[in-house]
Amino acid sequence: MKRVLICVPFSLEVKHARVALEEKILVEQGCEVDLFSGKDSVSTSWWVKVLNILTLKYFEWGHVFEMAKKAKAYDVVLFYNLKLLPLTLLNSGKDRRMVYQTLDHNVSYHFYELAKRLSPLSIFKPAIVNVFSFFERRLSQKADAVMVNSFPLGEYLSGAIVNLYSSPFEGLSLGSNSKNPFALIYFGKLSKEKGAEESVHLAESLKIPLFYFGRLGDQSTEKLVKNSPWVKYQGNFEIDALGLEIQKLSSSYNLLGVSLIHSIHLSYEIQEANKDIDYLALGIPIVGNRRRPTFEKIEMGCGVLMEDVEQLFDFQAYRKASRKALKLYQEVYAQDNFKNHLLKAVLGKGSL
């Protein structure tokens with residue numbers, strides 16, 4: 001029996017859908033799987049803090065050292081995010097399989113967040129981005145396998161296995177009825193950068209409710225949500241509970257999935273949005289913008305641009321977009337595809 005450790009730098013208080021699916025698949029393969037979040041135990045030593053500062057917090061050394069200790073007891077370590085990439089140095093040549101997984105272009109994403117707090121750094125953007133892109137490429141080559149969730153990321157990290165997100169809502173059946181009113185729905189963290197203002201304004205201009213499931217990303221978004229009578233904030237749910245809530249809603253409303261992420265940095269410009277794929281799996285047409293991965297789905301007939309949303313108020317048009325969404329999901333994002341790529345990366349099994 002293989003012992004697998006999945007390491008993440010984020011909280012596991014509410015389990016990330018992708019992590020939950022990976023755990024489920026590996027357990028079904030007979031693996032013993034443990035999850036570990038660096039947020040649960042972070043070194044506060046002065047020298048660790050210095051290392052973090054010297055690397056501009058691109059790497060979280062306290063998490064790295066803690067997870068390196070944990071890794072010794074496992075056959076396979078699957079670790080998320082650039083922040084943990086130095087694990088490949090600490091475990092190089094060891095008798096365990098190291099798998100690096102990144103879901104974002106974290107070099108550009110992290111620089112954007114840094115520059116928001118320290119605007120003078122913007123002057124050095126080309127140098128900083130180039131240096132840490134070099135580190136990511138070189139350190140990732142020391143892993144036994146690399147997984148990413150979009151084709152542009154696969155080109156950036158040459159040789160990576162592209163394992164597109166697969167929705168936990170696959171197979172979940174929703175209702176739709178020509179007599180039901182329409183409503184907007186949003187999954188995940190909502191923030192200014194992810195289109196909070198546009199989403200709320202859309203609900204208000206159409207005078208239809210926006211049901212929001214997830215976390216509030218910033219104070220301005222929290223204020224928007226609380227002050228709008230059209231936004232129905234539902235909270236942050238575990239996957240199974242969220243599925244039940246969505247099914248209940250679909251018995252009363254024809255749902256439209258909102259996806260209005262801003263292309264404010266390279267990561268947001270190229271990355272697949274989990275919410276888009278969840279909408280496809282549920283047969284919920286997307287109401288989106290021209291951000292490339294979302295717009296590609298709209299061009300395939302799986303939804304409309306925000307300014308054209310009223311086209312979907314024609315129930316026949318709504319049903320047509322719903323069918324195309326389900327078809328695209330089944331062809332590209334189905335869990336069988338996800339499973340095959342995961343097992344190739346983590347266990348070295350199968351062929352792609």
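Structure: see above.
Let me sum up the structure you'll find in this document. Quick caveat, the model's predicted, so the values are computed rather than measured.

1. What about the nonpolar core?
Consideration 1: With 87 residues, the main nonpolar core has Phe79 and Ile185 as its most contacted residues.
Consideration 2: The element contributing the most residues to this core is helix H14 (residues 315-333), with seven residues.
Consideration 3: The residues touching isoleucine 185, leaving out its near neighbours within four places in the chain, are Leu210, Phe211, Phe213, Ile246, Leu249, Leu255, Leu256, Gly257, Val258, Tyr279 and Ile284.
Consideration 4: Counting 22 residues, the second largest nonpolar core, distinct from the first, contains Val8, Val19, Val76 and Val346.

2. A look at the side chain of asparagine 52
Consideration 1: Following the sequence through the fold, asparagine 52 ends up in helix H2 (residues 46-54).
Consideration 2: Judged by its relative accessible area of 11%, asparagine 52 is buried.

3. Section: the packing of helix H13 (residues 292-302) against H14
Consideration 1: Remark: H13 packs on H14, axes separated minimally by 9 Å, with the N-to-C direction vectors making an angle of 120°. Judged by the angle between their axes, H13 and H14 are oblique. Residues Lys297, Met300, Gly301 and Cys302 of H13 pack against Ala321, Lys324, Ala325, Leu328 and Tyr333 of H14.
Consideration 2: For the contact of H13 with H14, the residue count by class is six nonpolar, one polar and two charged.

4. Digging into the side chain of glutamate 272
Consideration 1: Within the secondary structure layout, glutamate 272 lies in the loop between helix H11 (266-270) and helix H12 (274-282).
Consideration 2: Reaching out from glutamate 272, the side chain makes a polar contact with the side chain of lysine 297 at a distance of 2.8 Å.
Consideration 3: At a separation of 3.0 Å, a polar atom in the side chain of glutamate 272 contacts the side chain of tyrosine 333.
Consideration 4: Discounting residues that sit within four places of it in the chain, glutamate 272 has contacts with Asn149, Ser150, Leu164, Ile277, Pro293, Lys297 and Tyr333.

What counts and how
- Residues numbered from 1 in each chain as written.
- Predicted model: local features only at pLDDT ≥ 70, side-chain atom pairs only at ≥ 80, totals over all residues.
- Heavy atoms only, no water.
- Core = buried A, V, L, I, M, F, W, Y, C linked by side-chain atoms within 4.5 Å.
- Buried < 20%, exposed > 50% of the residue type's maximum accessible area, 1.4 Å probe, protein only.
- Helix = DSSP H or I, 4+ residues; strand = E, 2+ residues; numbered from the N terminus.
- Contact = heavy atoms within 4.5 Å.
- Axes fitted to C-alpha atoms, helices over the stretch in contact; angles between N-to-C directions.
- Parallel < 35°, antiparallel > 145°, perpendicular 65-115°, else oblique.
- Nonpolar A, V, L, I, M, F, W, Y, C, P; charged D, E, K, R; others polar.
- Polar contact = N/O pair within 3.5 Å; in protein donor to acceptor, adjacent residues only side chain to side chain.

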